[in-house]
Amino acid sequence: MNEHESLSKEDRISQLPDGILCHILSFLPIKCALATCILSSRWKFVWTLLPNLCFDERLHMRPVYGQHMGYIFRKDGFCFSEDPNPVFENFVTRVLHLTNPTAIGKFSLDRWALSDLTRFRSWVDSIIMRNVCEIELFLGSHKLVRLPESICTLKTLEVLKLYSDFVIKIPPSGLCFRSLKVLTVVLEYPDNNLTERLFSICPALEDLSIGHLDDKSLINFNISSTTLKRLCLSFTNGVAYSNNWHKSGRAQRLLNSLTKAKFLALSADTVYALDKIYKDVFPKFPNVTCLAVKVELFGWRLLPIILSSLPNLEEFVFEKKLSCHFEEFGWIEQPNIPLCLLLHVKKIEIKKFEGQKDELGLVKYLLKNCKVLNKVIIRCKETASKENLCQKLDKLQRGSMTCEVEIF
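Everything numeric in this text was worked out from a predicted model, so none of it was measured.

Calculation notes
- Residues numbered from 1 in each chain as written.
- Predicted model: local features only at pLDDT ≥ 70, side-chain atom pairs only at ≥ 80, totals over all residues.
- Heavy atoms only, no water.
- Helix = DSSP H or I, 4+ residues; strand = E, 2+ residues; numbered from the N terminus.
- Buried < 20%, exposed > 50% of the residue type's maximum accessible area, 1.4 Å probe, protein only.
- Contact = heavy atoms within 4.5 Å.
- Areas by Shrake-Rupley, 256 points an atom, 1.4 Å probe, with all protein chains shown as cover.
- pLDDT = per-residue confidence, 0-100.
- Core = buried A, V, L, I, M, F, W, Y, C linked by side-chain atoms within 4.5 Å.
- Patch = residues over 30% accessible without salt bridge, like charges linked within 9 Å, V, L, I, M, F, W, Y side chains within 5 Å.
- Salt bridge = Lys/Arg side-chain N within 4 Å of Asp/Glu carboxyl O.
- Pairing = 2+ DSSP bridges.
- Right-handed = clockwise from strand over helix to strand, strands pointing away.
- Axes fitted to C-alpha atoms, helices over the stretch in contact; angles between N-to-C directions.
- Parallel < 35°, antiparallel > 145°, perpendicular 65-115°, else oblique.
- Left-handed = near helix turned anticlockwise from the far one by under 90°.

Take the overall build of the protein chain next. Each helix and strand counted, the protein chain has twelve helices and 17 strands in total. By the burial criterion, 41% of the 408 residues in the protein chain qualify as buried. Here the contacts in the protein chain between residues at least 6 apart in sequence split such that 69% fall between residues at least 24 apart. Surface accessibility of the protein chain: about 22400 Å² in total, with carbon and sulfur atoms responsible for 54%.

Structure representation (structure tokens):
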């Protein structure tokens, strides 16, 4: 055997340090990472050192044929039996028992139906004792699952994402989640006792996202933080196409309390609600440098008013969610040009572009009036003709001679 053949048969990967091998395995689902234990004696226990443990029942599902009675279909298209299969839960228990990292970086669980909530609580207790830094939980068919009280005082927890209704008993002292920086909750049947306290007792919180799926109930959200840098609120069907002026008023009060924000993102539902309130004047946001706006039929009228309230805006992202064939709902050019377009806006991105009249009108207006613009990115839908768009853009007047237009 010559030297070349010897090198080609040498297993160099297995000679790498455990840390590097763990990093390689971290790109695999935990089920596949565990399977590497059969490769050789060198690999037998490498997977047990993985710091991130992410469990997803969809990787354990089998396709269902024939009759679908007795099965539940998830919103993401996966289906499973109404009777929880303990195989997945046994797998989670086994992995948590065999892994032995000094600390868990991340623990995530995506499971629609659990056969034993007691076992679930033992999993959470286990990762808390191992000083987990990030927890992400989704239990789709369970409502108001109680989490252990020790999660509130866990000093290493920095990221908590709860995509189901959970019960968290906040200590009487109110001191909890001292290291938590990112908190995401999606609530369907929330308790006012939780929503009025949880979002005001995290002293290090920087990123807060709240989703509320039940628009029929009236829930109070008390949000108070001196460290918060990003706030995202999503209320499914809460304000869209509703004649409920009370909800529009709540959106207005919330917006008025965020005037120190540096980044502002407004969904189509939010713009629709605010369109009812603001006719000519919008709250000033002197610190906002990036604005992301989505509109449907309504919201075009409010767009130039919003831009006029952001004197230091540098980046503008726009997306139209619904095609519009009525001129009264499209872009209407205003005589007064927002100051930010003349002095500060350097980058513009247009998403889901179709090439319709209202969109072209907006692009024409922005190209003409943005005097320091450096780049425009237009992301087209598949139905849009990019060649036709290029021809039309070449004919438009540009206020900035250094502007580059990219079309995707």
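Let us look at the confidence of the model for the protein chain. As a general rule, the predicted coordinates of low-pLDDT regions are not to be interpreted in detail. Within the protein chain, residue pLDDT values average 81, and 83% of them lie at 70 or more. In the model, residues 238-243 has pLDDT below 50 throughout and makes 15 contacts with residues more than four positions away in sequence or in other chains.

Once that is clear, we can look at unusual backbone geometry. Here Asn131, not a glycine, exhibits a phi torsion of approximately 55°, which is positive. Within the secondary structure layout, Asn131 lies in the loop between helix H5 (117-129) and strand E5 (134-139). Given the relative accessible area of 35%, Asn131 is considered partly exposed.

Counting residues in each nonpolar core, the largest one holds 55 residues, and the members touching the most others are Phe55, Phe107, Phe120 and Phe177. Sequence-distant contacts of Phe55, that is, excluding residues within four places in its chain, are made with Ile30, Phe88, Phe91, Val92, Val95, Phe107, Ser108, Leu109 and Asp110. Judged by nonpolar contacts, the second largest core, of 44 residues, contains Val271, Phe318, Val376 and Leu389.

Mapped onto the elements, Phe408 comes out in the segment after strand E17 (404-407). Overall, Phe408 belongs to the partly exposed group, its relative accessible area being 41%. Along the backbone, Phe408 and Glu382 are 26 residues apart, and their C-alpha atoms lie at a distance of 9.8 Å. The contact partners of Phe408, leaving out residues within four places of it in the chain, are Ile377, Ile378, Arg379, Cys380 and Lys386.

A surface patch of nonpolar side chains, about 250 Å² in accessible area, is lined by Ile13, Ile20 and Ile24. Among the structural elements, Ile24 can be located in helix H2 (residues 18-25).

To continue, consider the pairing of E17. Here strand E16 (residues 375-380) runs beside E17; their pairing, made up of four bridges, is parallel. Within the sheet, the bridge partner assigned to Val376 lies in E17 and is Val405. The parallel pair E16 and E17 is bridged by helix H12 (residues 386-394), and the resulting crossover is right-handed.

A separate point is the packing of helix H4 (residues 86-98) against H5. For the pair H4 and H5, the least separation of the axes is 11 Å and the interaxial angle reads 25°. Considered as vectors, H4 and H5 are oriented roughly parallel to each other. Handedness of the H4/H5 crossing: left-handed. Between H4, through Pro86, Glu89, Asn90, Val92, Thr93 and Leu96, and H5, the contact on the second element is made entirely by Arg119, Trp123 and Ile127.

To continue, consider the sheet that holds strand E15 (residues 347-353). Reading across the sheet, the six strands line up as E12-E13-E14-E15-E16-E17 and stay open at both edges, with parallel pairing between neighbours. Each end of this open sheet is capped by a strand with a single partner; those strands are strand E12 (263-266) and E17. Recorded for the sheet is a direction-independent mean angle of 10° between the axes of neighbouring strands. Each of E12 and strand E13 (290-295) touches helix H8 (residues 268-277); the most contacted strand, E13, lies at about 85° to it. Contacting strand E14 (315-320), E15, E16 and E17, helix H11 (residues 357-369) runs over the sheet at an angle of about 170° to E15.

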